[in-house]
Structure formats: C-alpha cells, structure tokens
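Here are the chains, one letter per residue:
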Amino acid sequence: MISRTRLLPVALVLAGALAPIAARAVDLNVAGTLQLDYLFTPFRGSEPPPATYALDGFTTEFSLKLAVDLSDHVAGAAKVCFGCHGFEVGMAYVDLRAHDALNLRVGRFSPTFGEFGLRHDPGNHRFSDKPLPYDMGRMLRFFDFGRSVLPAPYVENGVEVFGRHEFGRSLQVDYAAHVVAGLRALDANPADVDFAASRSTTGFVVDNNSQPSFGGRLGATVRLADRVDLTLGASALYGDYDRDARLSYLVLGGDLYLRLFRTNVRAEYLIRRTEMDARQPDAFRNEIAPAGSPAPDRLFHVRDGWYVEVEHPLLRNLDVMLRWDGMRRIGNVPTTLPLESAAAVSRWSLGAQVTVLRGWRVKTSLQHYTWTGLRNGVDQEFAAHLGVVATF
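Summary of the structure given here. The structure presented is a predicted model; accordingly, all values stated were derived computationally and were not measured. (Residues numbered from 1 in each chain as written. Predicted model: local features only at pLDDT ≥ 70, side-chain atom pairs only at ≥ 80, totals over all residues. Heavy atoms only, no water.)

### Describing the layout of surface pockets
Roughly 1200 Å³ of volume is contained in the largest pocket. Lining the largest pocket are 49 residues, with Arg 105, Thr 112, Gly 117, Leu 118 and Arg 119 positioned closest to its centre. Sorting the residues of the lining of the largest pocket by element identifies strand S1 (27-40), strand S2 (57-69), strand S4 (86-99), strand S5 (102-109), strand S6 (156-167), strand S7 (171-180) and strand S8 (213-225) as the ones contributing at least two each. In terms of residue count, the dominant contributor to the lining of the largest pocket is S4 (five residues). (1 Å grid on protein atoms, 1.4 Å probe; cavity = no way out; pocket = protein on both sides within 12 Å on 5 of 7 lines; lining within 4 Å. Points joined across faces, edges and corners; volume = space filled by probe spheres on them. Helix = DSSP H or I, 4+ residues; strand = E, 2+ residues; numbered from the N terminus.)

### Focus on unusual backbone geometry
The omega torsion across Ala 152 and Pro 153 is 5 degrees, close enough to zero to call that bond cis. Position of Pro 153 among the secondary structure elements: in the loop between helix H2 (142-145) and S6. One non-glycine residue, Arg 147, adopts positive backbone phi at about 75 degrees. In this structure, Arg 147 sits in the loop between H2 and S6. Unlike most non-glycine residues, Arg 227 shows phi in positive territory, near 65 degrees. Mapped onto the fold, Arg 227 is located in the loop between S8 and strand S9 (228-240).

### Section: the nonpolar core
By size, the foremost hydrophobic cluster in this structure holds 41 residues, and its most contacted members are Met 139, Phe 145, Leu 150, Val 345 and Trp 371. Elements represented by at least two residues in this core include exactly S4, H2, strand S10 (248-260), strand S14 (339-357) and strand S15 (360-374). For Trp 371, the contacting residues outside a window of four places in its chain are Met 139, Leu 140, Arg 141, Phe 145, Ala 344, Val 345, Val 378, Asp 379, Gln 380 and Glu 381. Ranked by size, the runner-up nonpolar core spans six residues in total, among them Met 276, Ala 278, Ile 288 and Leu 299. (Core = buried A, V, L, I, M, F, W, Y, C linked by side-chain atoms within 4.5 Å. Buried < 20%, exposed > 50% of the residue type's maximum accessible area, 1.4 Å probe, protein only. Contact = heavy atoms within 4.5 Å.)

Remember, this is a structural readout, not a statement about activity or role.
What follows is the structure in structure tokens.
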C-alpha cells in the first residue's frame, strides 16, 4: 500500500489547481502501464550468481497516471510508479498554457532532456530494457560499472518553460528550459552523483546545497516527404551536486529521430563530466598528483553513452528491433569500483514485440555484451529478456 505521506504531494498539487475552478467541468484521463520482465544470463556453477552483479530474474514496472484538463489554459497531472526502487511519485505538476509557444510547468516532473525521456515508460518503447545511457538497473554489471549517464526517468522539483512553433507545414521548432533542484549526493566526500537521492523513496526530496540546476532542450522537426520526418535535438544540464556546492556536473546530449515510412530510426549521444572530491587521496585507485606536486582538492571523470535503434513492423502484430548501445567511463576510479581508469561496455540487442491483443504485448530480446576495463577479467556476456506489457 502506498503511504499517505507519499501521496500527499500529489493531492496538494491537484487540490491547489482544482480549487479555484471547482465549479467548471473538467476533462479527466486515467492511463496505466504494467510490465513484467524476466532477465536471464547464463553462468557456470563455479561462478558468482548473476544476482551478485545484476538485477536478474523477474522485475515489475507499473505506472498509473491521472491527467486533468481544467480549462483551455490550466492542466494538472500526477503519476505514481513502482519498480525495483519501490513506489515513486513520478510526476505531480500543473501546466499553465498561454500559447502553443509558451507554457509554464511547476511541481515535480521529468526535466526535458533528449528523446528517450519522452518515452521512458515501458508501454512506449519496444525493448524490455532502456538504452545503456539511460539504464536504471537492468544492464549486467550495473553495480560494477557505477550507474549510467542519466538514468531515466530523471524526476525533479522545479519550474520549466516550454513550447513549440510551426513554420508552415514543413518545419516545427520546440524548446524547453528548466530550473530544478538538480542532481545531488548526500555523502560528505562524493565521487559521483547519487541518483537514488533524487527519488521520493529516500525520504525528504529537497535541494541539498541551496543551488538550483539549469538545463533544457532545443529541437527541430522537418517534414522531408509524406510519412518521412526528421527530428534533431540538443540538450544540456548543469549544476552543483554536493552539500557545499563545490562539485559541478555538466551533461550534454544530442538526439535524432527519423520516421521513414513504417521504419523508425533513433539515435542519441550523451556525455557527463562530473567533478569528484579529492581531499581523501586514499579513496582513489590511482595517484591524484605526481610525486612532489601539490594534490588537488577535486578531480573529474567523464561518462558518455550512445544508442542507435531501428524498429520495423514485419506484420500487423509483429515488430522487430535492432539496437547498438554502449557506455564509457574515463578518469581516476574510487576504490569501491572494480574498474580501470578507462572502462567501456558495448551491447548489441536483437528483439521482437508481438501484439497479442489490444493493450497486451509480449517482448523478447537477445543481447551480447563486450566489456573492457573490468578488473575481474570479464570481457563477454550474453543475456535474454522475455516480458509482457499491458497498457490501459
């Protein structure tokens, strides 16, 4: 059962929006998604079981969204989701619409970044898992590699201005700019952001350093021909994440989406530069400064990631997918991570989705991982997914 304290922010946001116009008619929408996925990776009896380095076996992802159109200019939405992290308030916000080109969003929401963030819900993408740059726990060696570039969904408290404008029938430009609490870490001497600290399951979800984060996305969609569209976008996030606002992070991304008749092609590249607290040199695997040189009080590491994905419907109820994705980490390494100073993973996935009934689909995929820079010597692994997703 969801505790009352977790539902309180949702109730307050919706009550505040509904109160001024309670006498008016409203347009109410309820939607939900449930995905049950099984992840299998083979291992020998003498090897550690996959549960020691991956969230294998069964996982359930569930989301329930309530959207309310209060008028032509005011709308509200609230969403609760459940996954391996427990229950989470995924959104609780109000939109004020002045024009298609000018909208204001306030509350708790996913700041606009990249293309995948718009379709992170399992009902909106074909594979059972997310691309590696956005992975939130289903990749192999998730704990060893030290998380992804920007796990999705990334949910924050703040304000966002967004809109779109059409230039004739062939060009549409959209933008979003936000000010939010930002990524954070609760440790005294952090070496990376702690994405779990941004989730409502951790207790108080407040800014840890009184410094907001800034970011946004700019995109353009061009109609090249009938049923042929091309979308390009660029995104950025910047802020300080530690308690003392000494350590900064910068995330940049570019995205591409091509609709070519019945075929969809998507690609994204993300890179995150994160400063690390170096006041405890023994916490790092390598020396932080040459002998005889003064030691810096901060270092940085870089994570980048990418994916290229192709989807095509073979039959009316059968889609096939091919995806290549990967990630890299470069920089000095905390002793808690079993990585070299340059580590990488590349993954190929071949999948299919079968629509059994309306709102009921079966997903399956085979995956091959190639690793470099793991200190345990692992260089290749295989995995398979089988899942069911229902939408309503």
